Amino acid sequence: MADLVIAEFPEIQSGKRDDRAELWNAINLVKKTRSKLLIPKLERFSREVSFISGIIDQGIELVVCEHPNVSTFFLHLLACFAEEERRQTSERTSAALKAAKNRGTVLGRNAHTLAAKRQSEKRVFFETIRPEFERALSEARSFSGAARLLNEQGVATYKGDRWYPQTVKNYADFCKTSSIQGPTVE
């Protein structure tokens, strides 16, 4: 009998962070269904030996596409290599930034320009969803209720994600600070 994919959890965040929402959604589903967790590359899953070992110790079977038929022992070795690569990458990056700074390169000079550009894009985006946002906020009278309504209506955030109470609050705060007058919720 062939294995069947029961769900996909696209992840775009770095494998160096273990507090990713999609990662934990996948792990929780695997625990509930007693299925296997299929991952494309171990270093995209995590670059921390202790985290990977902890997942394996919980009885979760990891299947790595690059190495589909490896033993648990080999997975531990791969985890060691991934963690060491993370450490080396960090050292190389620090050394390169230090060398650039020593050559007189001004680091971060575009940060203000990029931030202003993102604010402008977010403002333009907000205007496209403003009616739905304001309606959800006024009808629900709470951030969590507004998040639920916006998700039910299929309205995505600026980044194309789902709404959460904190996301609604952030947008409401954004309205206040960016000269966009939006509804207020206490």
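Scroll up a little and you will see the structure.
Scope of this entry: the structure provided in the associated data block. The model shown is predicted, which means the values in this text are computed figures rather than measured ones. (Residues numbered from 1 in each chain as written. Predicted model: local features only at pLDDT ≥ 70, side-chain atom pairs only at ≥ 80, totals over all residues. Heavy atoms only, no water.)

**Thoughts on the pattern of salt bridges**
Under the definition given, this model contains 9 salt bridges. For Arg92, the salt bridge identified is with Glu85, shortest N-O distance 2.9 Å. Members of the salt-bridge network, linked through shared partners, are Glu84, Arg87 and Glu91. (Salt bridge = Lys/Arg side-chain N within 4 Å of Asp/Glu carboxyl O.)

**Observations regarding unusual backbone geometry**
Backbone geometry at Arg34 places phi at a positive 55 degrees, although glycine is not the residue there. With respect to the helices, strands and loops of the structure, Arg34 is situated in the loop between helix 1 (21-33) and strand 1 (36-39). Here the phi dihedral of Arg141 falls at roughly 60 degrees; this positive angle occurs in a residue that is not glycine. By the secondary structure assignment, Arg141 is in the loop between helix 5 (111-140) and helix 6 (143-152). For Arg141, a relative accessible area of 67% translates into the label exposed. (Helix = DSSP H or I, 4+ residues; strand = E, 2+ residues; numbered from the N terminus. Buried < 20%, exposed > 50% of the residue type's maximum accessible area, 1.4 Å probe, protein only.)

**Some thoughts on the packing of aromatic side chains**
Counted under the stated rule, the structure contains 8 aromatic pairs. Between Phe126 and Phe133, the ring centres sit 5.3 Å apart and the planes meet at 75 degrees, which makes this aromatic pair edge-to-face. A single burial state applies to Phe126 and to Phe133, both of which are buried. Note that Lys122 overlies the ring of Tyr171, its terminal NZ or CZ placed 5.0 Å from the centroid. (Phe/Tyr/Trp six-rings, centres within 6.5 Å; stacked < 30°, edge-to-face > 60°. Lys NZ or Arg CZ within 6 Å of the ring centre and 35° of its normal.)

**Here's the deal with the packing of helix 5 against helix 6**
Relative orientation of the contacting elements helix 5 and helix 6 amounts to 130 degrees, with a least axis distance of 8 Å. One way to sum up the angle between helix 5 and helix 6 is to call them oblique. Handedness of the crossing formed by helix 5 with helix 6: right-handed. Along its contact with helix 5, which presents Glu132, Phe133, Ala136, Leu137, Glu139 and Ala140, the element helix 6 presents Phe143, Gly145, Ala146, Leu149 and Leu150. (Axes fitted to C-alpha atoms, helices over the stretch in contact; angles between N-to-C directions. Parallel < 35°, antiparallel > 145°, perpendicular 65-115°, else oblique. Left-handed = near helix turned anticlockwise from the far one by under 90°. Contact = heavy atoms within 4.5 Å.)

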